[in-house]
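Here is how the chains run, residue by residue.
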Amino acid sequence: MKYKSVFDIIGPVMIGPSSSHTAGAARIGRVARNLFGREPKWADIYLYGSFAKTYKGHGTDVALVGGLLDFDTFDERIKQSLDLAVLKKMKISFHEEEAVPDHPNTAKLVIGDTQGELELVGISIGGGKIEITELNGFKLRLSGHHPAILVVHDDRFGAIANVANILSKHEMNIGHMEVSRKEKGKMALMVIEVDQNIDDVVLSEIEGLPYITQVARVVD
C-alpha cells in the first residue's frame, strides 16, 4: 500500500478516541451538510455494524452531528455538538440497525428542512478516510478527500462531454470520474474529483449546459 502523506499512517488531527468512529464519522456528516448546501433542520441517522454497537462510547454520534454542523475533525465544538444541535432546534434521531452492511462502519444520513431532503450512505474505512457509497439512491464512490463536482443530469448524448470540455477549458485535471444512472434515458449522476479548487464560475458554466438539473460542490 502506498501512502500520500504521514497522515495516511497516523491518522488525521481530530477530536475523539477513534479515527474510524470519530474523524471518519465527522467527515461523513460534513460531506452530507456540504451536499445539502445548508444547515439541516432535522436528521435521521441510521447506524450499522460496529457504528451501531459502539457509537456512544466512541463518540460517533457527536462526530456525525458535528459534521452536520460543519465542524472539521479537529474542531473542539464537536464535543458539544449534540447540545449545540438542540440550541439550534435541529431535531436528531439515531437508529441502531440490525442489517449486516457491506462495511462494518456504515451510516445512512437522511437530512432535510422545509425546502427538501437528502439521503446519503457513507463508510469510514480507517485513518479518518471515508467513502460515500450512495446519494439519493444513486450508487457512487466519493472519497470526500478531494475537491469534487456532483452533477445531476438527464441521461443524454453529449452531457458528459460538455462538462468535461468546461473542466478542460479551465485547466482542471480529473483524478476520478464516474457516472451512475437508475434507468437508461432518465436521470443520471456524474461524480468528478479534481486536483484544483472549484471556482463559482466553473459551477455556473456547468449549470448553464443543456440537460443539467443540479450541480453541487464538495470541498476537501
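Residues numbered from 1 in each chain as written. Predicted model: local features only at pLDDT ≥ 70, side-chain atom pairs only at ≥ 80, totals over all residues. Heavy atoms only, no water.

K.L.:
Please explain the domain arrangement of the protein as it appears in this structure.
P.N.:
With domains assigned, the protein is organised as domain 1 (1–135) and domain 2 (146–220). If you look at the interface, domain 1 gives four residues, while domain 2 gives seven residues. When the two sides are added together, the surface that domain 1 and domain 2 hide from each other amounts to roughly 460 Å², 62% of it contributed by carbon and sulfur. At the junction of domain 1 with domain 2, the criterion picks out zero salt bridges. At the boundary of domain 1 with domain 2, the tally comes to zero residue pairs in polar contact (both at pLDDT 80 or more). For the side of domain 1 that touches domain 2, the per-class residue count stands at two nonpolar, one polar and one charged. (Domains from an automatic or database assignment. Contact = heavy atoms within 4.5 Å. Buried area = accessible area lost by both parts, 1.4 Å probe. Salt bridge = Lys/Arg side-chain N within 4 Å of Asp/Glu carboxyl O. Polar contact = N/O pair within 3.5 Å; in protein donor to acceptor, adjacent residues only side chain to side chain. Nonpolar A, V, L, I, M, F, W, Y, C, P; charged D, E, K, R; others polar.)

K.L.:
So what exactly am I meant to see when it comes to the nonpolar core here?
P.N.:
Generally speaking, soluble globular proteins have nonpolar side chains that are buried together. If you look at the biggest cluster of nonpolar residues, it comprises 41 residues, and the most contacted ones within it are Leu 35, Leu 109, Leu 120 and Leu 150. Take this core: its biggest share by element is seven residues, from helix H2 (residues 19–36). When residues of this core are sorted by domain, at least three fall in each of domain 1 (1–135) and domain 2 (146–220). Once you skip the residues sitting within four places of it in the chain, Leu 109 turns out to touch Ile 28, Gly 29, Ala 32, Asp 44, Ile 45, Leu 64, Leu 68, Leu 118, Glu 119 and Leu 120. If you look at the next biggest cluster of nonpolar residues, it comprises 16 residues, including Leu 167, Val 194, Ile 206 and Val 215. (Core = buried A, V, L, I, M, F, W, Y, C linked by side-chain atoms within 4.5 Å. Buried < 20%, exposed > 50% of the residue type's maximum accessible area, 1.4 Å probe, protein only. Helix = DSSP H or I, 4+ residues; strand = E, 2+ residues; numbered from the N terminus.)

K.L.:
Mind showing me how you'd approach helix H7 (residues 200–207) here?
P.N.:
An α-helical turn contains 3.6 residues, so any two residues separated by three or four positions project in the same direction. For H7, the set of buried residues is Val 202, Leu 203 and Ile 206. Across the axial projection of H7, the buried residues extend over an arc of 95 degrees, all falling on one side. Against strand E7 (148–154), helix H6 (159–169) and strand E10 (212–218) lie the buried residues of H7. (Arc of directions from axis to C-beta.)

K.L.:
In this structure, what is going on with the packing of H6 against H7? I would like to understand it.
P.N.:
The description of two packed helices rests on the angle between their axes and on the distance between the axes. At a minimum axis separation of 10 Å, H6 and H7 run at an interaxial angle of 155 degrees. Looking at the two axes, H6 sits roughly antiparallel to H7. In terms of crossing hand, the pair formed by H6 and H7 is right-handed. Judged by residue contacts, Val 163, Ile 166, Leu 167 and Lys 169 of H6 engage Val 202, Glu 205 and Ile 206 from H7. Split by residue class, the contact of H6 with H7 holds five nonpolar, no polar and two charged. (Axes fitted to C-alpha atoms, helices over the stretch in contact; angles between N-to-C directions. Parallel < 35°, antiparallel > 145°, perpendicular 65-115°, else oblique. Left-handed = near helix turned anticlockwise from the far one by under 90°.)

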